[in-house]
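So the chains spell out like this:
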Amino acid sequence: MNRKEANTLGLSITLNWISSHTGIDGNENADSVAKTSTALPVVQGGKQPSASDPTKRLRNLKKKLRDIEKLEKQIASGELKNPEPEQLEKVKKKDEVIQQIDDLEDELGKSNSLLASGQEVHFGA
């Protein structure tokens, strides 16, 4: 239903901004574990894995890295004079994000090699 249809029915649509949980103790780790577990399917029976989940995870990590680098530039240039604690925490996670990207790229590279050879592929630990 779009806004016009809702108005016709006497309904209103309200959008509310909700701050992220960035910087809240434990939520970053829980978020990372949840994303990792859902993005790495287990493939059985010799079926070709869907590359969309690991590929999507990789794309999201690369976007996160670009956001961190943009934030770093804003801080370094003085454009962002008083960064929020959660912004500083985000910048501190740059090396961790780079490592996750490297690990996922390695895993995807290995799975692509195995697929080409016809072997089963299992993502995750």
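Provided above is the structure to which this section pertains.
### A word on the overall build of the protein chain
- For the protein chain, the count of helices and strands is 5 helices and 0 strands.
- Starting at the N terminus and walking to the C terminus, you meet the elements of the protein chain as α-α-α-α-α.
- Sorting the 125 residues of the protein chain into buried and exposed places 18% on the buried side.
- For the protein chain, contacts bridging at least 24 residues in sequence account for 54% of all contacts bridging at least 6.
- If you sum the accessible surface of the protein chain, you get close to 9400 Å²; carbon and sulfur atoms cover 51% of it.

### Focus: a nonpolar patch on the surface
- A contiguous nonpolar patch, built from Met1, Leu9 and Leu11 and spanning about 350 Å² of accessible area, is present on the exposed surface.
- With respect to the helices, strands and loops of the structure, leucine 9 is situated in the loop between α1 (3–8) and α2 (27–39).
- Accessibility expressed as a relative area gives 58% for leucine 9, which makes it exposed.

### Topic: the nonpolar core
- Residues Leu58, Leu61, Leu65, Ile68, Val97, Ile101, Leu104 and Leu108 constitute the largest nonpolar core, which totals 8 residues.
- Looking at this core, the elements with two or more residues in it are α3 (52–77) and α5 (94–117).

### Re the pattern of salt bridges
- Within the structure shown, the criterion is met by 4 salt bridges.
- Among the ionic pairs, lysine 94 bridges to glutamate 69, the shortest N-O distance being 3.9 Å. Pair noted here: lysine 94 is in helix α5 and glutamate 69 is in helix α3, with a separation of 25 residues, a long-range link.
- Given the relative accessible area of 29%, glutamate 69 is considered partly exposed.
- Salt bridges sharing common partners tie together Glu69, Glu72 and Lys94.

### Considerations on the environment of leucine 61
- Tracing the sequence through the fold places leucine 61 in helix α3.
- Between the C-alpha atom of leucine 61 and that of isoleucine 98, which follows or precedes it by 37 residues, the distance is 8.2 Å.
- Excluding residues within four positions of it along the chain, leucine 61 makes contact with Val97, Gln100, Ile101 and Leu104.

The rules behind the values
Residues numbered from 1 in each chain as written. Predicted model: local features only at pLDDT ≥ 70, side-chain atom pairs only at ≥ 80, totals over all residues. Heavy atoms only, no water. Helix = DSSP H or I, 4+ residues; strand = E, 2+ residues; numbered from the N terminus. Buried < 20%, exposed > 50% of the residue type's maximum accessible area, 1.4 Å probe, protein only. Contact = heavy atoms within 4.5 Å. Areas by Shrake-Rupley, 256 points an atom, 1.4 Å probe, with all protein chains shown as cover. Patch = residues over 30% accessible without salt bridge, like charges linked within 9 Å, V, L, I, M, F, W, Y side chains within 5 Å. Salt bridge = Lys/Arg side-chain N within 4 Å of Asp/Glu carboxyl O. Core = buried A, V, L, I, M, F, W, Y, C linked by side-chain atoms within 4.5 Å.

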